[in-house]
Amino acid sequence: MNPADEILDIVDEHDRVVTQAPRGEAYARGLRHRCVFVQVRDAEGRLFVHRRTATKLVFPALYDLFVGGVVGAGESYDEAALREAEEELGVSGLPGPEYLFKFLYEDEAGHGWWSAVYEVRCDLPVRPQVEEVQWHAFLTDEEVAARVGEWEWVPDGLAAHERLRAFRAAG
């Protein structure tokens, strides 16, 4: 199926479903929908970082600190987090990602999506989806911090990263 044809739940400012629409239409019209962000660490505590392919509908060829994506119509955040993590990492049998918090991401154009943030440890060898990931590595927190100001990151992932850092600091 073409990703633009995937049906999404369209939600209001309180994350209540109000209708459904194809992903392409949701993006084009700026309809509020749901997404998941899953921070992945390996057995050594390093963070999975990747660069999105140039063919992605949103934020093509930018770097990302999370795996994840949209929540399909009728799908729960938890289901989407596991599905997206396994798909993007190219693994199966991953433990269920741990839910941390949710926030409403809004960009300068007024588009927004409810964003559920998760974390998971992946001890399995990863084989990222070539349709989704053009480059990947597991980086230390220090390596990530050094690159945050250098590389061009997906804006919603960067917002989730900053919120996650604040969440952990308040913890």
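All figures in this text were calculated on a predicted structure; none of them were measured in a lab.

A.B. asks: Provide a residue-level description of the layout of surface pockets, including the pertinent values.
C.D. replies: Here the largest pocket is characterised by a volume of approximately 590 Å³. For the largest pocket, the lining is made up of 30 residues, of which Arg 23, Arg 52, Lys 56, Gly 69 and Glu 132 are closest to its centre. Of all elements in the fold, only α1 (23-29), β3 (33-41), β6 (67-70) and α2 (77-89) reach the threshold of two or more residues within the lining of the largest pocket. A breakdown of the residues in the lining of the largest pocket according to their chemical character gives 13 nonpolar, five polar and 12 charged. Taken as a whole, the second largest pocket spans an internal volume of roughly 230 Å³. Going through the elements one at a time, β3, α3 (141-148) and α4 (155-170) are the ones with two or more residues in the lining of the second largest pocket. Among the elements that take part in the lining of the second largest pocket, α4 stands out by supplying five residues, more than any other. Counted by class, the lining of the second largest pocket contains five nonpolar, two polar and five charged residues.

A.B. asks: Outline the UniProt feature "binding site: Mg(2+)" (unreviewed entry) in the chain, listing residues and values.
C.D. replies: When the UniProt feature table is mapped to this numbering, "binding site: Mg(2+)" (unreviewed entry) covers Glu 84 and Glu 88. Narrowing the list just given to those that line the largest pocket leaves Glu 84 and Glu 88. Not counting chain neighbours up to four residues away, the residues in contact with Glu 84 comprise Val 36, Gly 68, Gly 69 and Val 70. A distance of 3.1 Å separates polar atoms of two side chains, one belonging to Glu 84 and the other to Arg 83.

A.B. asks: Which residues make up the nonpolar core, and what values go with them?
C.D. replies: Phe 37, Val 49, Leu 65, Phe 66 and Val 117 are the most contacted members of the largest nonpolar core, which has 25 residues in total. At four residues, the largest contribution of residues to this core is made by strand β7 (residues 98-106). Once residues lying within four places of it in the same chain are set aside, the contact partners of Phe 37 are Phe 66, Val 67, Trp 113, Ser 115, Ala 116, Val 117, Tyr 118, Asp 156, Gly 157 and Ala 160. By size, the runner-up hydrophobic cluster in this structure holds 21 residues, among which are Val 40, Ala 81, Val 91 and Cys 122.

A.B. asks: Before we move on, can you summarise the pattern of salt bridges with the specific residues and values?
C.D. replies: Counting across every chain of the model gives 15 salt bridges. With a closest N to O distance of 2.4 Å, Arg 23 and Glu 6 form a salt bridge. Note that Arg 23 is positioned in helix α1 and Glu 6 in the segment before β1 (7-11), a separation of 17 residues in sequence. Comparing Arg 23 with Glu 6 shows no difference in burial state: the two are buried. With a shortest N-O distance of 2.8 Å, Arg 121 and Asp 123 are connected by a salt bridge. Taking relative accessible area as the criterion, Arg 121 reaches 47% and is therefore assigned partly exposed. Exposure remark for Asp 123: the relative accessible area of 52% places this residue in the exposed category. The network of salt bridges with common partners includes Glu 75, Arg 83, Glu 84 and Glu 87.

What counts and how
- Residues numbered from 1 in each chain as written.
- Predicted model: local features only at pLDDT ≥ 70, side-chain atom pairs only at ≥ 80, totals over all residues.
- Heavy atoms only, no water.
- 1 Å grid on protein atoms, 1.4 Å probe; cavity = no way out; pocket = protein on both sides within 12 Å on 5 of 7 lines; lining within 4 Å.
- Points joined across faces, edges and corners; volume = space filled by probe spheres on them.
- Helix = DSSP H or I, 4+ residues; strand = E, 2+ residues; numbered from the N terminus.
- Nonpolar A, V, L, I, M, F, W, Y, C, P; charged D, E, K, R; others polar.
- UniProt positions renumbered as here; feature names shortened; annotations may be inferred.
- Contact = heavy atoms within 4.5 Å.
- Polar contact = N/O pair within 3.5 Å; in protein donor to acceptor, adjacent residues only side chain to side chain.
- Core = buried A, V, L, I, M, F, W, Y, C linked by side-chain atoms within 4.5 Å.
- Buried < 20%, exposed > 50% of the residue type's maximum accessible area, 1.4 Å probe, protein only.
- Salt bridge = Lys/Arg side-chain N within 4 Å of Asp/Glu carboxyl O.

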